[in-house]
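Topology and contacts: notes
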Amino acid sequence: MRAPTYPKCSQAMKEGFILDHTRNGRLPSEWVEGPPQHSFWTGLRLRGKERHKVATFRCPKCGYLESYAMEA
């Protein structure tokens, strides 16, 4: 995806990601379909749910963040 331009500041936004900390390390965020459902064993139920990596863009002038759920 090409970096969007933030209309308020007219600046080209810079791509990055939101970091999630887990017991097993650090991972980029993912978008998961539907509301969160608790799972005793894994914390959240994810089986059968649509998932997409999240790309986040930042305006270098004002710091505004905008995120997109990217197609695989």
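Residues numbered from 1 in each chain as written. Predicted model: local features only at pLDDT ≥ 70, side-chain atom pairs only at ≥ 80, totals over all residues. Heavy atoms only, no water.

**Let's talk about the overall build of the protein**
Of the regular secondary structure elements, the protein holds zero helices and ten strands. Each helix and strand of the protein, ordered N terminal to C terminal, gives the series β-β-β-β-β-β-β-β-β-β. By the compact-globule yardstick of 11 Å for 72 residues, the protein is too spread out, its C-alpha radius of gyration being 15 Å. Within the protein, the proportion of its 72 residues that are buried is 18%. Excluding contacts between residues fewer than 6 apart, the proportion of contacts in the protein whose partners are at least 24 apart in sequence is 39%. Summed over its atoms, the accessible surface of the protein is roughly 6200 Å², and 53% of this surface lies on carbon and sulfur atoms. For the protein, the distance from the average position of its 12 positive side-chain charges to the average position of its 7 negative side-chain charges is 7 Å. (Helix = DSSP H or I, 4+ residues; strand = E, 2+ residues; numbered from the N terminus. Rg over C-alpha atoms; globule rule 2.2 N^0.38 Å. Buried < 20%, exposed > 50% of the residue type's maximum accessible area, 1.4 Å probe, protein only. Contact = heavy atoms within 4.5 Å. Areas by Shrake-Rupley, 256 points an atom, 1.4 Å probe, with all protein chains shown as cover. Lys, Arg positive; Asp, Glu negative; His and termini not counted. Charge placed at Lys NZ, Arg CZ, Asp CG, Glu CD.)

**Side note on the packing of aromatic side chains**
In the structure shown here, the tally under the stated rule is two aromatic pairs. Each ring, one from Phe40 and one from Trp41, has its centre 4.9 Å from the other, and the planes form 85°; the classification is edge-to-face. Relative accessible area serves as the criterion here: at 68%, Phe40 is assigned to the exposed category. (Phe/Tyr/Trp six-rings, centres within 6.5 Å; stacked < 30°, edge-to-face > 60°.)

**A look at the pattern of salt bridges**
Tallied over the full model, the rule gives one salt bridge. Residue Arg51 pairs with Glu30 through a salt bridge whose shortest N-O separation is 2.6 Å. Highlighted residues: Arg51 in strand β9 (residues 51–58) and Glu30 in strand β6 (residues 30–32), separated in sequence by 21 residues. Residue classification places Arg51 among the partly exposed residues on the basis of a relative accessible area of 40%. (Salt bridge = Lys/Arg side-chain N within 4 Å of Asp/Glu carboxyl O.)

**Considerations on the pairing of strand β4 (residues 19–22)**
Side-chain direction in a regular strand flips from residue to residue, so the side chains alternate between the two faces of the sheet. Relative to strand β5 (residues 25–28), β4 is paired through four bridges, and the arrangement is antiparallel. Within the sheet, the bridge partner assigned to Asp20 lies in β5 and is Leu27. (Pairing = 2+ DSSP bridges.)

**Section: the nonpolar core**
If you look at the biggest cluster of nonpolar residues, it comprises six residues: Tyr6, Cys9, Met13, Ala55, Phe57 and Cys59. Once residues within four sequence positions are removed from consideration, Met13 is found in contact with Ala3, Pro4, Thr5, Tyr6, Phe57, Arg58, Cys59, Pro60, Tyr64 and Glu66. (Core = buried A, V, L, I, M, F, W, Y, C linked by side-chain atoms within 4.5 Å.)

**With respect to the environment of Cys62**
Topologically, Cys62 is positioned in the loop between β9 and β10 (65–69). Taking the C-alpha atoms as reference points, Cys62 and Ser29, 33 residues apart in sequence, are found 23 Å from one another. Ignoring anything within four residues of it in the chain, the contact list for Cys62 reads Tyr6 and Cys9.

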